[in-house]
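Now for the letters of each chain:
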Amino acid sequence: MAQIALRSVHGKFLSAQPDGSAQWNRDVAGAWEYFHIEERQGGKITLRSAHGKYVSAQPDGSVQINREAAPPGGWEEFTAELRTNNVVCLKSCHGKYLSAQQNGTAQWNRDHAPSGGWEDIQIVHQGSTSQVSDAATRIQRHLNKGRTSTSASNEPIQVLEAVPGKPVRFKLNNPPNHNEAWVGIYPTGASDQDHGAPPRWKYIRDVDVNNVSLSNGELAGGDWSIRVFSDGGYTLVERKEFTIHSANKIHSSKAVSPARESIEILEAVAKKPVRFKINNPPTNHDAWVGIYPPNASDQDHGAENNRWKWLRNIDVNNASFPKRAAGPWSIRVFSNGGHALHERRDFDVSPPEPRDPAAVQSTRGSAKIALVIGMILLAPSIPLFIIGLGEGLSDSMTSATLEVEDSDGRGDLGWGIYIEGSLVDYNSNGIYDHCENIFVNATHSGSWVSDPWTWEQKVNPPDESRQVFDDYCGHTDPVEERHHEGRMLIKIGQACHGCMAGTTTITIQNQNGDGLNMWIQNEEKKEILGMLIPGAIFMGIGAFTFVVALGTLLNTGFKSNAPSSSKRSAVAAMSVGTVLGAGSTSTNLEVLSFNHRQPVRFKITNPPQHNNAWVGLYPANADDRDHGDRWHYLRDIDVSNATLPGQEQGRWSLRLFSDGGYTLHQRVDVELRADNNEEIWMKDAELEDLRLKGMVPDHRNNFTKKITTGKIVAQHKVGNLTRFETADTTYLVYDHELQQGSATQNPFWEAN
């Protein structure tokens, strides 16, 4: 196909740079602004630059033009959606649209492509702008060929399933290509304008044309029709009449419902896991299943094990997902590692059954007894536990021979090496004094894993000449400290991280060859000795009993004096307080990550319950109505780990609305900064002498690791948190987690 250039709605041409980057800021199309189009099966195309590299859409929304090849189904294949004779939109395999930004950058991260928006791309043929329509027409012919159904049936609309109480499923064999084309389901005698609201109709661009589903609640038996319209109006191009007659038959269609449901819901009650059964699972090794809000796109699958799972990892006869809120949901089974839908089942999670008052009273009495028992067990166990803390290290030694068991065969966390010292630098050479003139030698006799516990991990053969010590003194941020038997110990490194079964030998010396004392911690087991064991046992039992009893009493109430009618009034009042953001169950909107041009990640605790509650991302001073496409309904996202598209640096705000209008529920202001530093959250932080001390996440993402940072070079207050910056790391600390030290009076802070 011909060479073409891509011009944005801002009048700029996309340009492929020799370093593989993309710039959308050229006023005139030269050699670097033209691309060669290659046609692929299924209506896909690729774009190759003048440098011989392919355009590639990255999962993080960035654009790269540096790929040597474009494998089928890869990130280098795109779907071109025609808007007019000379305007297209490009959609990646990630389900995102290419968007030209006003600052001359390109982003491949848009969920929608509104007509006239930054996702519209004008095709300009090389040598003559008069050939625009010809280039676009040739693309359209290729798209039509790719979208043509391979079904043996010549029916434009094939009904796949139509039974009472379930969405109607059907297939569109030759759908119109207009971006605003849509399809709806109607009672046979209804007018075209009587389309109702989604899910009674949908844009064709938002559905899988091979497996469309529409419903209006529980569709009753009777005569219905599916109607396809070629534009955003009522230009009817196809219509299919059919009858919903019984649970097992479809009249006026050759399709027959299966004898049993492919997905059976075994249990769906709020505050309990959703349990289900898959009767005819696909056999592909990468087949998977997810649970979705009913109107969410297939790509919005959330996190593994929370919202989706591989079929190979579950019992398909008794599968489950974590508990969901009451309301509509859908379970979707995909036949491969992508989004090829195999089966879908829409269902409702029911509210929990009301509790019997007599049972509640009995539970309350038992909980009070358990609360007392828990307090009795906690009283002696806490001192024992405190006495035992700090153990788990070996005695001091100058050399050690250690055995790595690696029972799971996936590599070991290794051994932490500690020496006695303090965080000082008396000679001001930029190196802590405890790190100078220390030589650690560590070797291992067994195999080892490079890049352990990642998808790039690799098992390597034994090599006893390889040094297996990771020296932490090469960088000073962060430094882990601990008290042990009256000594201050500092972790100087870790030996044998990723080692498999075998023998590890470790020695430590000074520059004169004399042995030094070191303490060794088994990072895999972290064995705690002495009184910590009985203390932990009693404290664990006591704490568990105490927490369970206290939770039960908080849930049922400590006493029951009010009549039932007044109790119902109290519950109603509490519900109103929650919507207004008051009470103990108030909503908490928390920003998790906010680097510029990267997705803004956040979580919402106790979100508003309205079906049309939504959240948006705004410039800090923007009006609530200026939300653009930077918003989502809460029902369509995982509120425990949600994202909105990345934006340019500057001050922004996340705003949570409690209904389908602009009733503001909560707002959090953040600053998106141009920062390549690693971001680390810190709790129990104390600022002293221009350094932070506090708890950061370990490899299991638990805040158990105590560190002291390098020198803080800048700090910035953003909303209810502060960003503390060292040379290579940014620490994020909420106000309530920060204890201010003497450094807060230093004029240095006032200048930043």
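Note that the coordinates shown come from a computational prediction; the quantities given were computed from them, not determined experimentally. (Residues numbered from 1 in each chain as written. Predicted model: local features only at pLDDT ≥ 70, side-chain atom pairs only at ≥ 80, totals over all residues. Heavy atoms only, no water.)

A.B. asks: Hey, could you run me through the overall build of the chain in this one?
C.D. replies: Summing up its helical and strand segments, the chain has five helices and 52 strands in all. With 752 residues in all, the chain has 44% of them scored as buried. Sequence-distant contacts in the chain: of pairs separated by 6 or more residues, those separated by 24 or more amount to 61%. For the chain, the accessible area works out to roughly 37,500 Å², and carbon and sulfur atoms hold 51% of it. (Helix = DSSP H or I, 4+ residues; strand = E, 2+ residues; numbered from the N terminus. Buried < 20%, exposed > 50% of the residue type's maximum accessible area, 1.4 Å probe, protein only. Contact = heavy atoms within 4.5 Å. Areas by Shrake-Rupley, 256 points an atom, 1.4 Å probe, with all protein chains shown as cover.)

A.B. asks: Would you mind going over the packing of aromatic side chains with me for this structure?
C.D. replies: The relation between two aromatic rings is expressed through the spacing of the ring centres and the mutual angle of the planes. In this structure the tally under the stated criterion is 19 aromatic pairs. Aromatic pair tryptophan 288 and tryptophan 308: ring centres 5.7 Å apart, planes at 75 degrees, arrangement edge-to-face. In this pair, tryptophan 288 sits in strand 23 (residues 288-292) while tryptophan 308 sits in strand 24 (residues 308-310), placing the two residues 20 residues apart along the sequence. Look at tryptophan 288 and you get buried, because its relative accessible area is 4%. For arginine 200, the ring lying beneath its charged end belongs to tyrosine 186, and the centroid distance is 5.6 Å. Over the face of the ring belonging to tyrosine 186 we find arginine 227, whose NZ or CZ atom lies 4.0 Å from the ring centre. (Phe/Tyr/Trp six-rings, centres within 6.5 Å; stacked < 30°, edge-to-face > 60°. Lys NZ or Arg CZ within 6 Å of the ring centre and 35° of its normal.)

A.B. asks: Can you help me understand the nonpolar core in this one?
C.D. replies: Of all hydrophobic cores here, the largest spans 25 residues; its most connected members are Leu6, Trp24, Val55, Leu90, Leu98 and Trp108. Considering each element in turn, this core owes the most residues, three residues, to strand 8 (residues 78-84). In contact with valine 55, not counting residues within four places along its chain, are Phe35, Leu47, Val63, Gln64, Ile65, Trp75, Glu76, Phe78 and Trp108. (Core = buried A, V, L, I, M, F, W, Y, C linked by side-chain atoms within 4.5 Å.)

A.B. asks: Is there a simple way to explain the sheet that holds strand 30 (residues 438-444) in this structure?
C.D. replies: Sheets are built from strands paired through backbone hydrogen bonds, the pairs being either parallel or antiparallel. With antiparallel pairing, three strands are arranged side by side in an open sheet as 28-36-30. On the outer flanks of this sheet lie strand 28 (399-404) and strand 30, each paired with one strand and no other. Averaged over all adjacent pairs, the angle separating strand axes in this sheet is 15 degrees, with direction ignored. As judged from the six bridges shared by strand 28 and strand 36 (residues 502-510), these two strands associate in the antiparallel manner. Within strand 36, the residue paired with serine 399 across the bridge is threonine 507. (Pairing = 2+ DSSP bridges. Axes fitted to C-alpha atoms, helices over the stretch in contact; angles between N-to-C directions.)

A.B. asks: Is there a simple way to think about the pairing of strand 6 (residues 54-57) in this case?
C.D. replies: As a general feature of sheets, a regular strand has side chains that alternate between the two faces. Here strand 6 shows no split at all, with Tyr54 and Ser56 on one side and Val55 and Ala57 on the other all buried. Here strand 6 hands over to strand 7 (residues 63-67) after five residues, with glycine 61 in that stretch at a positive phi of 95 degrees.

A.B. asks: Sorry if this is basic, but what is going on with unusual backbone geometry here?
C.D. replies: Excluding glycine, residues mostly have negative phi values, and the peptide bonds linking residues are mostly trans. A positive phi is found at glutamate 485, a non-glycine position, where the angle reads about 50 degrees. Here glutamate 485 lies in the loop between strand 34 (479-484) and strand 35 (487-495). Note on glutamate 485: relative accessible area 55%, which makes it exposed.

A.B. asks: Help me understand the side chain of histidine 665, please; the structure alone is not making it clear to me.
C.D. replies: For histidine 665, the location among the structural elements is in strand 44 (residues 664-672). Within the structure, histidine 665 has its side chain in polar contact with the side chain of threonine 587 (distance 2.9 Å). (Polar contact = N/O pair within 3.5 Å; in protein donor to acceptor, adjacent residues only side chain to side chain.)

A.B. asks: I would appreciate a short explanation of the pattern of salt bridges in the present structure.
C.D. replies: Close approach of charged atoms allows side chains with opposite charge to pair. A complete count under the given rule lists 25 salt bridges for this structure. Here glutamate 119 makes a salt bridge to arginine 110, at a shortest N to O gap of 3.8 Å. For the pair glutamate 119 and arginine 110, one class covers both residues: buried. Of the charged contacts in the structure, one is a salt bridge between arginine 169 and glutamate 161, with a shortest N-O distance of 3.3 Å. For arginine 169, a relative accessible area of 15% puts it in the buried group. (Salt bridge = Lys/Arg side-chain N within 4 Å of Asp/Glu carboxyl O.)

A.B. asks: Looking at this model, I keep getting lost on the environment of glycine 74. Mind explaining?
C.D. replies: Looking at the secondary structure, you find glycine 74 in the loop between strand 7 and strand 8. Residues glycine 74 and alanine 57 lie 17 residues apart in sequence; the distance between their C-alpha atoms is 9.2 Å.

A.B. asks: I would appreciate a short explanation of the side chain of histidine 627 in the present structure.
C.D. replies: Its location among the elements puts histidine 627 in the loop between strand 40 (614-619) and strand 41 (631-633). Under the relative-accessibility criterion, histidine 627 is labelled buried at 18%. Discounting residues that sit within four places of it in the chain, histidine 627 has contacts with Trp614, Tyr618 and Tyr662.

A.B. asks: How should the sheet that holds strand 17 (residues 212-214) be read in this particular structure?
C.D. replies: Pairing in this open sheet of three strands is antiparallel, and the strands run 13-14-17 from one edge to the other. Two strands lie at the open edges of the sheet, namely strand 13 (157-161) and strand 17, each paired on one side alone. On average, adjacent strands in this sheet sit at an angle of 35 degrees to one another, irrespective of strand direction.

A.B. asks: Could you clarify how one ought to interpret the environment of arginine 344 in this entry?
C.D. replies: Tracing the sequence through the fold places arginine 344 in strand 27 (residues 341-349). Separated by 55 residues in sequence, arginine 344 and valine 289 place their C-alpha atoms 9.5 Å apart. Once you skip the residues sitting within four places of it in the chain, arginine 344 turns out to touch Ser213, Ile263, Pro294, Ser330, Ile331 and Arg332. Of the polar contacts made by the side chain of arginine 344, one reaches the backbone oxygen of proline 294; its length is 2.8 Å. Looking at arginine 344, its side chain comes within polar contact range of the side chain of aspartate 346, at 2.9 Å.

A.B. asks: What should I look at first to understand the pairing of strand 35 in this one?
C.D. replies: In terms of burial, strand 35 is a largely internal element, seven of the nine residues being buried. Across six bridges, the pairing between strand 29 (residues 415-420) and strand 35 is antiparallel. Among the inter-strand pairings, tyrosine 418 is bridged to a residue of strand 35, identified as lysine 491. As judged from the three bridges shared by strand 33 (residues 469-471) and strand 35, these two strands associate in the antiparallel manner. Counterpart to aspartate 470 in the pairing with strand 35 is glutamine 494. The sheet contact formed by strand 34 and strand 35 spans four bridges and is antiparallel.

A.B. asks: What is the right way to read the confidence of the model for the chain from this model?
C.D. replies: Low pLDDT means the predicted atomic positions in that stretch should not be read closely. Scored by pLDDT, the chain comes out at a mean of 78, with 77% of its residues at no less than 70. Across residues 742-752, where pLDDT falls below 50, the model places 19 contacts with residues more than four positions away in sequence or in other chains. (pLDDT = per-residue confidence, 0-100.)

A.B. asks: Explain the environment of histidine 10 here, please?
C.D. replies: Here histidine 10 shows up in the loop between strand 1 (3-7) and strand 2 (13-16). Note on histidine 10: relative accessible area 27%, which makes it partly exposed. Sequence separation of histidine 10 and tryptophan 24 is 14 residues, and the distance between their C-alpha atoms is 9.4 Å. Aside from chain neighbours lying at most four places away, what touches histidine 10 is Ala100, Gln101, Gln102 and Trp118. Engagement of the side chain of histidine 10 in a polar contact is seen with the backbone oxygen of alanine 100, the distance being 3.0 Å.

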